[in-house]
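# Observations on the three-dimensional arrangement
Each chain is listed here by its residues.
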Amino acid sequence: MMACSQTSLLGLLFLFCWASIGKAEYMIYKDRHQPVNVRIDDLMKWMTLAEKIGQMTQIERKVASAKVMKDYFIGSVLSGGGSVPAPQASAEEWVNMVNEFQKGSLSTRLGIPMIYGIDAVHGNNNAYKATIFPHNIGLGATRDPELAKKIGEATALEVRATGIQYVFAPCIAVCRDPRWGRCYESFSEDYQVVRDMTEVIPGLQGDLPANYSKGVPYVAGKNKVAACAKHYVGDGGTHDGINENNTIIDSHGLLSMHMPAYDISIIKGVSTVMVSYSSWNGEKMHANHDLVTGFLKNTLHFRGFVISDWQGIDRITTPPGANYTYSVQAGINAGIDMVMVPYNYTDFINDLTSLVQKNIIPMTRIDDAVRRILLVKFTMGLFENPLSDLSLVDQLGKKEHRVLAREAVRKSLVLLKNGKSINESLLPLPKKARKILVAGSHADNLGYQCGGWTIEWQGASGNITIGTTILDAIKSTVDPSTTIIYSENPDASFVKDNDFSYAIVVVGEPPYTETAGDSLNLTLPDPGPSTIQTVCSAVKCVVVIISGRPVVIEPYVPLMDALVAAWLPGSEGQGVADVLFGDYGFSGKLPRTWFKSVDQLPMNVGDKHYDPLFPFGFGLTTKPMATRSSSSARVVRKEEYCMLSLYLSLLVTWILFRVS
């Protein structure tokens, strides 16, 4: 009886413990059927200060590990420009790296997944073999928001192919001075064009459901990514186009020129907003409480999270990092929710912890930041699907995406000149010719035609990824009987002695990113000008400019028979040949004013003394050769019909004459 009682008691204790464990294992925040706000409220109750501050911390992959993720509760990891798991890493290697970090996050007490971010600004541009789309300036020339959306969709798939869930794109700057080294990241000098091209956001994130609340972030599942509108605000309006400098403009100017694209991005459900390095009338944006909290969060009702730029809070002081504790205080109190540290994360965590414990930064500010970060993570389904699989690896560099990029290249090309007189058009070029000269530093250089933010942060020269150079595109387009001679920088005698039918000269800027691209003179680098002069003085020529912005070309335009602005077309150079040879017509329009001299800058459409070489919106058009051929065929058929009618009429007359 005693043994039986003891057994019964032990059984009851076991059942009680089992019930308690079962009850403890059920956490509301892990229940996907619960409303998101209920899940966030529940999770916030469980979180310690250390866990909350961890969520606000974003670190570079080079200092990340599963152990670091676990020990410091890190909320996010990123790849800076060119930061990859291995040179020419495969999609599988990317997925495995991201998952390794994620497993560290999932092994923490609460198992909050981290979110991995990357600069996918014209495709998944850090990844080898990815489709590289035209940079934003080229997309602005297309005036095609639906095309931008399709590019967003393709980019989302190629990013997800590498296991990454978050992109630092799009840049919605309104570049008001081409001397700025980031001007190619801007769709246009016109805020309306920039506003229209924010259709890339639903491409990246998915279309909002009906009646979705304004300001609430939205990501439609595992095939989409969280987007980031950047750089808030006025980054494209700095004095003399100097990167990270001061935007001097009144409130009306800031709100009417630089803010509209943010308003519409928030309406479209953008998940995050990145703050600009720049200042507004002397006040650093990373420390601007009125604009970050007051306007972005309270007036525009943005409910996603605000992220700093790379070491952005460090640069609140001059020199950067001079008083890091103050920078943490100023940045977080301004309303920044997640800090792209990216390396010295222990300093950031320790300083922020101390500032909270001393009540210098209120706990309400920390809770607001964490709530916003969790809202994005819950909304995008990261808690349900934290680990990536290999089901999308075939999306990286997919043929259909390259076809789309090729279409984007075609539509981005702007024809600035076609013939030295109205009756002497050179384009489209004949595919069948005795001998063609292709010249210039950018004709056979994939890295140059892709520009900055490609494989490396600053971009690079040569065959840096998979794609088609303009020279290869020309070779695959012309008639097999046509001889093509390529000479990067031919001398005058070579050009004259070869009796070329015509020449294609492809020159432009080398790759650059951010401050490295700032330029006070905007001249074409040597030997570009001399190549133009040598070739175009001796033979009919079309000059194709590969650049991230308008450059000084006025002295050389009279020499050219035709001139094309190709911007930074990316990996699919075939799109350039498609239009040069008339398979498709030119349709692009200048997204920004092409100046005569840098002395005129800044000069934008609508300015009082507006005297450009080519105005904003300019772009000659041509019809595809197929259309011309079919039109000609219709003319021939009409002429043949007329001749036949005349013949029949004469025949009838002759017969009647004979009968009579």
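The rules behind each value
Residue numbers run consecutively from 1 along every chain, following the written order of its sequence. Totals for whole chains, interfaces and linings use every residue, but because this is a predicted model, local features are given only for residues with pLDDT of at least 70 and side-chain atom pairs only at 80 or more, for both listing and counting. Values shown for side chains rest on all heavy atoms present in the structure; no hydrogens or waters enter the calculation. UniProt positions are given in the numbering used here, feature names are shortened, and annotations may be inferred rather than shown by experiment. In this scheme Phe, Tyr and Trp rings, the latter by its six-membered ring, pair at centre separations within 6.5 Å, and the angle between planes marks the pair as stacked below 30 degrees, edge-to-face above 60, and tilted otherwise. Only DSSP runs of H or I covering at least 4 residues are called helices, and only runs of E covering at least 2 are called strands; the numbering of each starts at the N terminus. Accessibility here uses a 1.4 Å probe with only protein chains present; expressed as a share of the type maximum, an area under 20% marks a residue as buried, one over 50% as exposed, and anything in between as partly exposed. Whether two strands pair depends on DSSP finding at least two bridges between them. In what follows, residue pairs with any heavy atoms lying within 4.5 Å of each other are defined as contacts. Put simply, a disulfide is two cysteine sulfurs that come within 2.5 Å. Here, nonpolar core refers to any group of buried Ala, Val, Leu, Ile, Met, Phe, Trp, Tyr and Cys residues whose side-chain atoms link them within 4.5 Å. Between Lys or Arg on one side and Asp or Glu on the other, a salt bridge is scored when a side-chain nitrogen of the former is within 4 Å of a carboxyl oxygen of the latter.

As annotated in an unreviewed UniProt entry, the protein carries the name beta-glucosidase and comes from Phoenix dactylifera. The record in UniProt for the protein states the following under Catalytic activity (unreviewed entry): "Hydrolysis of terminal, non-reducing beta-D-glucosyl residues with release of beta-D-glucose."

## Here we look at the packing of aromatic side chains
This structure, assessed with the given rule, holds 13 aromatic pairs. Geometrically, the ring pair formed by Tyr29 and Phe383 is edge-to-face, given 6.4 Å between the ring centres and 80° between the ring planes. Taken together, the residues Tyr29 in the loop between helix H1 (2-25) and helix H2 (36-46) and Phe383 in the loop between helix H15 (363-379) and helix H16 (399-412) connect sequence positions 354 residues apart. Assigned by exposure class, Tyr29 and Phe383 land together as buried. Ring-pair connections join several aromatic residues into one group, and the members of that group are Tyr29, Phe378 and Phe383.

## Here we look at the sheet that holds strand E6 (residues 246-247)
Pairing within the open sheet is mixed, and its three strands lie in the order E6-E8-E9. The strands lining the two open edges of the sheet, one partner per strand, are E6 and strand E9 (283-284). With two bridges connecting them, strand E8 (residues 279-280) and E9 associate as antiparallel partners. Its bridge partner lying in E9, Ser279 is registered against Lys284.

## What to know about the environment of Ala127
One can find Ala127 in the loop between strand E3 (115-118) and helix H6 (136-142). Residues Ala127 and Lys30, 97 residues apart in the sequence, show an inter-C-alpha distance of 33 Å. Sequence-distant contacts of Ala127, defined by excluding residues within four places in its chain, comprise Trp94, Thr162, Leu396 and Ile455.

## Let's talk about the environment of Ile545
Following the sequence through the fold, Ile545 ends up in strand E16 (residues 541-546). Among the residues examined, Ile545 registers a relative accessible area of 1% and is labelled buried. When the C-alpha positions of Ile545 and Leu568 are compared, they lie 9.1 Å apart, and in sequence the two are 23 residues distant. When neighbours within four sequence positions are excluded, Ile545 is seen to be in contact with Val507, Leu524, Val551, Ile553, Leu563, Val564, Ala565, Ala566 and Trp567.

## Some remarks on the state of the cysteines
As used in these notes, a disulfide is a covalent bond between sulfur atoms, one from each of two cysteines. Going through the model one piece at a time under the given rule, you end up with two disulfides. For Cys175, the disulfide goes to Cys183, at an S-S distance of 2.1 Å. An S-S torsion of about -105° defines the bridge between Cys175 and Cys183 as left-handed. Note on Cys175: relative accessible area 0%, which makes it buried. Overall, Cys183 belongs to the buried group, its relative accessible area being 1%. A sulfur-sulfur separation of 2.0 Å characterises the disulfide bridge that pairs Cys536 with Cys541. The chirality of the disulfide connecting Cys536 with Cys541 is right-handed, given an S-S dihedral of about 110°.

## Considerations on the nonpolar core
Tyr232, Phe348, Leu352 and Leu374 are the most contacted members of the largest nonpolar core, which totals 117 residues. Ranked by residue count, the leading element in this core is H15, at eight residues. Discounting chain neighbours no more than four positions away, the residues touching Tyr232 are Met259, Tyr262, Val273, Met274, Val275, Ser276, Met285, Leu291, Val292, Phe295 and Leu296.

## Observations concerning the UniProt feature "domain: Glycoside hydrolase family 3 N-terminal" (unreviewed entry) in the protein
In the numbering used here, UniProt assigns the feature "domain: Glycoside hydrolase family 3 N-terminal" (unreviewed entry) to residues 48-374. Regarding residues 48-374, the helix share stands at 39% and the strand share at 10%, and the terminal C-alpha atoms are separated by 15 Å.

## Structural notes on the pattern of salt bridges
Evaluated as defined, the whole model comprises 28 salt bridges. Of the charged contacts, one joins Lys67 and Asp71 as a salt bridge, the two residues approaching to 2.6 Å between their closest N and O atoms. Of this pair, Lys67 and Asp71 both sit in helix H4 (residues 66-72), separated by four residues, roughly a single helical turn. On the accessibility criterion, Asp71 (39% relative accessible area) is partly exposed. Note that Asp611 and Lys596 form a salt bridge whose closest N and O atoms lie 3.1 Å from each other. Here the residue Asp611 occupies a position in the loop between helix H21 (574-580) and helix H22 (625-659), and Lys596 occupies one in the loop between H21 and H22, the gap between them amounting to 15 residues. Through salt bridges with shared partners, a single network forms among Lys297, Asp337, Arg365, Asp368 and Arg372.

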